[in-house]
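Inside the fold
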Amino acid sequence: MSQNFLEGVKVLELATFIAAPACTRFLADLGATVIKIEATSGDPIRYVGPDKKMPLDQDESVAYDFENANKKGIALNIKTEEGMKVLKQLLDECDIFVTNNRTQALEKNGLDYETISKKRPEIVFGQILGYGEKGPLKDKPGFDFTAYSARGGWAGALYEKNTSPVITVPGFGDHSCGMYLASGVLAAYIKAKNTGIGDKVTVSLYHAAVYNLAIMIHSAQYGNEYPISRKEMLNPLQTTYKTSDNRWIQMASPEYNKSIAKFSETIERPELALDPKFDTLDHVSRNPQLLNEIISEAISTKTMDEWMDLFDKADLCCEKCQTWDEILNDEQAWASDILHQQDYPSGKKAVIRTPVLFKNAGLPPYSKGPVLGGNTDEILQELGYSNEDIKSMKEKKAVR
């Protein structure tokens, strides 16, 4: 079976980089016809390869393909009258419009929700914002580095105390925002099908970051301060430890009182569970550094693989802290359809699927993203433009 959940649904994307294209990529996976509008110079994500040691090659642009697989593409110069006319014709035909353009730019060009919905009340309008529609920062530009990771509390709190904030990676916040927006526009689309009235759906990078950190932000009201050292975790069974081969493992035993006996036996220190300093979470949290030191010493005596085997046999939840290259060769990642092999000029490359899987529908195709302007002629012809019209528009640099 194929993923045709959204067969017949037309989606128009006017967006760059990651968050909004991640939304429409998922809709394309679900069977929607997604037309991506790019400037004639192309989406800037086409050119980020060298920043991450990837090739600057439009035939091998994995970063672009990941966000834009299964879409069609048209390159328009919407600063020209002809280019803007095509965009608005495409708007008249779509069910869902997704953008990350800032509101002022949309209003200037008559592409804001208020203007569009007067003509087409049934349209679903999805927008990625940096900081939301209200407040003093509503017009400020935002990337996931800034609006999500920095302002949203990740970079400023989640790092080892007395070091420096971690260098976050592109897409860390964007991809969750894209999936949040997809869930919102699909809900609005169901409403539009039932009532004839669409909606405007917004997701901001800032809100998504705060939402994803909700437990910790709530706890700050009770004095839970970050950053802290990994040695200061009140539950020493919830932190990381270094093994003899200089690898790290992450422990995850939130129910300390139930786990301490089994854990102590596994590290061959059964007396720890009987020690009144460590027998309960209430007791150990008064000086967690002491137990952390004892555990650190024990874990340093064996390799990561040895400890993983012991903890797995004891049914204690923990995991090795993998590097990115290890994930590319992880049997579990391949077996569970996280990774897909894609052909590129330099050879087969592992690419990542969107994370929502369906039992009956099977896996969606993974076609590479459209080359710049690759479907321009086809899309214009479907709108009724003749070959002569298209040739004239190309000469005027209204399309590519």
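Look above for the structure.
Just so we're clear, the structure is a prediction, and the values are computed from it rather than from any experiment. (Residues numbered from 1 in each chain as written. Predicted model: local features only at pLDDT ≥ 70, side-chain atom pairs only at ≥ 80, totals over all residues. Heavy atoms only, no water.)

What follows covers the sheet that holds strand 6 (residues 199–204). Sheet strands pair by backbone hydrogen bonding; their relative direction is either parallel or antiparallel. Read from one edge of the open sheet, six strands run 3-2-1-4-5-6, paired in parallel fashion. The sheet is open, and its two borders are formed by strand 3 (72–75) and strand 6, each paired with just one other strand. Pairs of neighbouring strands in the sheet enclose a mean axial angle of 20°, with direction left out of account. When strand 1 (residues 10–14) meets strand 4 (residues 96–99), the two strands line up parallel, connected through four bridges. Across the sheet, Leu12 pairs through a bridge with Phe97, a residue of strand 4. (Pairing = 2+ DSSP bridges. Helix = DSSP H or I, 4+ residues; strand = E, 2+ residues; numbered from the N terminus. Axes fitted to C-alpha atoms, helices over the stretch in contact; angles between N-to-C directions.)

What follows deals with the pairing of strand 11 (residues 347–352). Note: strand 10 (residues 339–344) against strand 11, six bridges, orientation antiparallel. Paired with Gln342 across the bridge in strand 11 is Lys349.

The next point concerns the environment of Gly110. Along the chain, Gly110 turns up in the loop between helix 4 (103–108) and helix 5 (113–119). Classification of Gly110 as partly exposed rests on a relative accessible area of 21%. Each C-alpha atom of the pair Gly110 and Pro55 lies 38 Å from the other, and the pair is 55 residues apart in sequence. (Buried < 20%, exposed > 50% of the residue type's maximum accessible area, 1.4 Å probe, protein only.)

Attention now goes to the sheet that holds strand 7 (residues 240–242). An order of 7-8-9 is seen for the three strands of this open sheet, with the pairing classed as antiparallel. The sheet is open, and its two borders are formed by strand 7 and strand 9 (318–320), each paired with just one other strand. Strand-to-strand, the axes of this sheet are offset by a mean angle of 25°, without reference to chain direction. In terms of strand pairing, strand 8 (residues 248–251) meets strand 9 through three bridges, oriented antiparallel. Bridged to Gln250 within strand 9 is Glu319. Sitting on the sheet, helix 12 (residues 288–299) is in contact with strand 7 and strand 8, with an inclination near 45° to strand 7. (Contact = heavy atoms within 4.5 Å.)

On to the pairing of strand 3, then. As judged from the four bridges shared by strand 2 (residues 33–38) and strand 3, these two strands associate in the parallel manner. When the bridges of strand 3 are listed, Ile37 appears paired with Ile74. Tracing the backbone out of strand 2, into helix 2 (residues 62–68) and back to the parallel element strand 3 gives a crossover that is right-handed. (Right-handed = clockwise from strand over helix to strand, strands pointing away.)

Turning to the packing of helix 1 (residues 19–29) against helix 7 (residues 174–195), a few remarks are in order. Packing of helix 1 against helix 7 brings their axes to within 7 Å, and their N-to-C directions diverge by 50°. Considering their axes alone, helix 1 and helix 7 lie oblique with respect to each other. Here helix 1 and helix 7 pass one another in a crossing that is right-handed. Only Asp174, His175, Cys177, Gly178, Met179, Leu181, Ala182, Val185 and Leu186 of helix 7 make contact with helix 1, whose side of the interface consists of Ala19, Ala22, Cys23, Phe26 and Leu27. (Parallel < 35°, antiparallel > 145°, perpendicular 65-115°, else oblique. Left-handed = near helix turned anticlockwise from the far one by under 90°.)

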